[in-house]
Amino acid sequence: MAGKAVKTIGVLTSGGDAPGMNAAIRSVVRTAIHNGLKVKGVMRGYAGLLEEEIKELDSHSVSDIVSRGGTVLYTARCKEFTTPEGQKRGAEICKKHGIDGIVVIGGDGSFMGAGKLSALGINTIGVPGTIDLDIACTDYTIGFDTSINTAMQAIDKIRDTSTSHERCSIIEVMGRHAGYIALWCGVANGAEEILLPEKYDGDEQAIINRIIESRKRGKKHYIIINAEGIGHSSSMAMRIEAATGIETRATILGHMQRGGSPTCKDRYYASIMGAKAVELLLAGKSNRLVAYKKGEFVDYDIQEALRMKKDVSEEQYRIAQLLVR
């Protein structure tokens with residue numbers, strides 16, 4: 001979908017924060033300025049747009065942010081922007097501030113809003129920023145790499161104390177309704193069980209039986225990686241301890257997985273995606289979503305991208321199950 005040429009672009013981060021968002025913001029700002037565009041930062045996502053929390057950005061504004069986690073533009077959820085009235089007001093505010101193109105860094109909910117802005121005459125490009133890796137059109141989302149490394153390091157530490165106390169440990173990782181963080185960490189941490197919302201059949205007794213058999217074989221600890229989309233880790237721990245007699249503890253890693261200095265991969269890929277978003281705006285494009293697919297940075301129509309479905313690879317899951325048994 002092509003729109004009008006842009007002179008001033010806005011940039012905002014929306015939804016859950018993800019390490020690497022600042023690298024993307026920096027890239028958007030510097031690529032835009034290099035090409036003679038003005039840049040305005042929209043604070044606190046769509047909520048800040050509706051409250052006109054908008055400020056001019058220059059190269060100095062984004063100095064020394066590439067290594068920082070979180071987002072310097074802040075982020076928030078905005079129920080009002082899910083309504084036609086809120087969307088229309090958002091487009092009017094963009095026009096009032098001279099913003100004729102905008103880069104939205106966030107997840108699928110953020111892109112639904114981006115599509116609405118595009119339909120209302122604001123050239124809009126989405127950049128996938130979510131630790132969940134749950135956007136179907138892309139093999140990479142900003143923040144996933146940092147998140148899995150943060151979780152992996154935490155799980156290694158929990159394994160140490162679990163072994164010392166001869167415990168079973170259930171470690172719950174984030175990912176919303178997607179199991180990618182659990183899958184990657186389950187393999188990388190050498191877990192005995194990996195529970196994914198896409199695959200778990202709810203057979204807790206089978207897990208209990210495997211724990212008992214493992215203890216009979218002389219194994220001193222048992223690590224279960226449980227995805228957020230399954231949840232109930234604390235009650236699961238209580239049931240497993242009651243059934244096996246083995247001390248069982250649940251650890252919910254929570255929002256530590258969103259924080260921290262981004263990895264090199266998250267800084268680099270986010271920077272490329274931010275630059276590509278600006279280049280799409282310069283080409284007069286709108287309603288596009290930047291993606292990384294099969295080793296290339298590409299773009300998709302936002303509505304087409306949102307209609308795509310994503311599931312955990314059968315081959316990857318099969319290999320993971322082979323490794324944990």
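First, a word on scope: everything that follows refers to the structure included in this document.

Cut-off values and rules
- Residues numbered from 1 in each chain as written.
- Predicted model: local features only at pLDDT ≥ 70, side-chain atom pairs only at ≥ 80, totals over all residues.
- Heavy atoms only, no water.
- Helix = DSSP H or I, 4+ residues; strand = E, 2+ residues; numbered from the N terminus.
- Rg over C-alpha atoms; globule rule 2.2 N^0.38 Å.
- Buried < 20%, exposed > 50% of the residue type's maximum accessible area, 1.4 Å probe, protein only.
- Contact = heavy atoms within 4.5 Å.
- Areas by Shrake-Rupley, 256 points an atom, 1.4 Å probe, with all protein chains shown as cover.
- Patch = residues over 30% accessible without salt bridge, like charges linked within 9 Å, V, L, I, M, F, W, Y side chains within 5 Å.
- Salt bridge = Lys/Arg side-chain N within 4 Å of Asp/Glu carboxyl O.
- Pairing = 2+ DSSP bridges.
- Axes fitted to C-alpha atoms, helices over the stretch in contact; angles between N-to-C directions.
- Lys, Arg positive; Asp, Glu negative; His and termini not counted.
- Polar contact = N/O pair within 3.5 Å; in protein donor to acceptor, adjacent residues only side chain to side chain.
- Expected span 1.5 Å × (residues − 1).
- Parallel < 35°, antiparallel > 145°, perpendicular 65-115°, else oblique.
- Left-handed = near helix turned anticlockwise from the far one by under 90°.
- Arc of directions from axis to C-beta.
- Nonpolar A, V, L, I, M, F, W, Y, C, P; charged D, E, K, R; others polar.
- Phe/Tyr/Trp six-rings, centres within 6.5 Å; stacked < 30°, edge-to-face > 60°.
- Lys NZ or Arg CZ within 6 Å of the ring centre and 35° of its normal.

### Description of the overall build of the chain
Summing up its helical and strand segments, the chain has eleven helices and eleven strands in all. For 325 residues, the compact-globule formula gives about 20 Å, and the C-alpha radius of gyration of the chain, at 22 Å, lands near that figure. Considering the chain as a whole, with its 325 residues, one finds that 55% of them fall into the buried category. Partitioning the intrachain contacts of the chain with sequence separation of at least 6 by distance along the chain shows that 75% fall at a separation of at least 24. Taken as a whole, the chain presents about 14,100 Å² of accessible surface, with 52% of it coming from carbon and sulfur.

### Topic: a nonpolar patch on the surface
Nonpolar side chains collect at one region of the surface, where Val187, Ile319, Leu322 and Leu323 lie side by side and expose about 360 Å² of accessible area between them. Looking at the element boundaries, leucine 322 is found in helix α11 (residues 314–324). In this structure leucine 322 comes out as exposed when scored by relative accessible area, which is 59%.

### Some points on the sheet that holds strand β7 (residues 193–195)
If you walk across this open sheet you meet the four strands as β7-β8-β6-β9, and the pairing is parallel. Two strands bound the open sheet, and with one partner strand each, they are β7 and β9 (248–252). Recorded for the sheet is a direction-independent mean angle of 15 degrees between the axes of neighbouring strands. In terms of strand pairing, strand β6 (residues 168–173) meets β9 through five bridges, oriented parallel. What sits directly across from isoleucine 170, in β9, is alanine 250.

### With respect to the side chain of lysine 40
Following the sequence through the fold, lysine 40 ends up in strand β2 (residues 38–42). Of the side chains with opposite charge, glutamate 56 lies nearest to the buried lysine 40, which makes no salt bridge, at 4.0 Å. At a separation of 2.6 Å, a polar atom in the side chain of lysine 40 contacts the main-chain carbonyl oxygen of histidine 97. Not counting chain neighbours up to four residues away, the residues in contact with lysine 40 comprise Thr8, Ile9, Gly10, Val11, Ile54, Lys55, Glu56, Leu57, His97 and Ile99.

### Looking at helix α5 (residues 144–164)
The terminal C-alpha atoms of α5, which comprises 21 residues, lie 31 Å apart, in line with the 30 Å expected from a rise of 1.5 Å per residue. All buried positions along α5 are accounted for by Phe144, Asp145, Thr146, Ser147, Ile148, Thr150, Ala151, Ala154, Ile155, Ile158, Arg159 and Ser162. At its buried positions, α5 is contacted by β6, α6 (180–188), β8 (222–227), β9 and α9 (264–282). One or two residues past the end of α5 sits glutamate 166, with phi positive at roughly 55 degrees.

### Details of the packing of helix α1 (residues 21–34) against α9
Where α1 contacts α9, the axes come no closer than 7 Å and their chain directions differ by 40 degrees. Of the possible angle classes, the one that applies to α1 and α9 is oblique. For the element pair α1 and α9, the recorded crossing hand is right-handed. Across the interface between the two elements, Ala23, Ala24, Ser27, Val28, Thr31 and Ala32 of α1 pack against Arg267, Ala270, Ser271, Gly274, Ala275 and Val278 of α9.

### A short note on helix α3 (residues 84–96)
An ideal rise of 1.5 Å per residue puts 18 Å on 13 residues; α3 measures up with 18 Å between its terminal C-alpha atoms. All buried positions along α3 are accounted for by Gly86, Gln87, Gly90, Ala91, Ile93 and Cys94. Seen end-on, α3 carries its buried residues on one side only, within an arc spanning 160 degrees. Opposite its buried face, α3 presents the exposed residues Pro84, Glu85, Lys95 and Lys96, each directed more than 90 degrees away. Taken together, the buried residues of α3 touch α2 (45–50), β3 (54–57), β4 (101–106) and α4 (108–119).

### Some thoughts on the packing of α6 against α11
Axis separation between α6 and α11 bottoms out at 10 Å; the angle between their running directions is 35 degrees. Taken as a pair, α6 and α11 cross one another with a handedness that is left-handed. Each of Leu183, Trp184 and Val187 in α6 lies in contact with α11, whose residues at this interface are Gln316, Ala320 and Leu323. For the contact of α6 with α11, a count of residues per class yields five nonpolar, one polar and no charged.

### Points about the packing of aromatic side chains
On inspection of all chains with the given rule, the structure shows seven aromatic pairs. A ring pair is formed by tyrosine 46 and phenylalanine 81, whose centres lie 4.0 Å apart and whose planes are at 5 degrees; its orientation type is stacked. Of this pair, tyrosine 46 sits in helix α2 while phenylalanine 81 sits in the loop between β3 and α3, and the two are 35 residues apart along the sequence. On the basis of an interplanar angle of 70 degrees and a centroid distance of 4.8 Å, the ring pair of tyrosine 140 and tyrosine 269 is categorised as edge-to-face. Of the two residues, tyrosine 140 sits in the loop between β5 (123–128) and α5 while tyrosine 269 sits in helix α9, which places them 129 residues apart along the sequence. Of the two residues, tyrosine 140 and tyrosine 269, both sit in the buried class. Linked through ring pairs, Tyr140, Tyr268, Tyr269, Tyr292 and Phe297 together constitute an aromatic cluster. Cation over ring: lysine 310 sits above tyrosine 180, and NZ or CZ is 5.0 Å from the ring centre.

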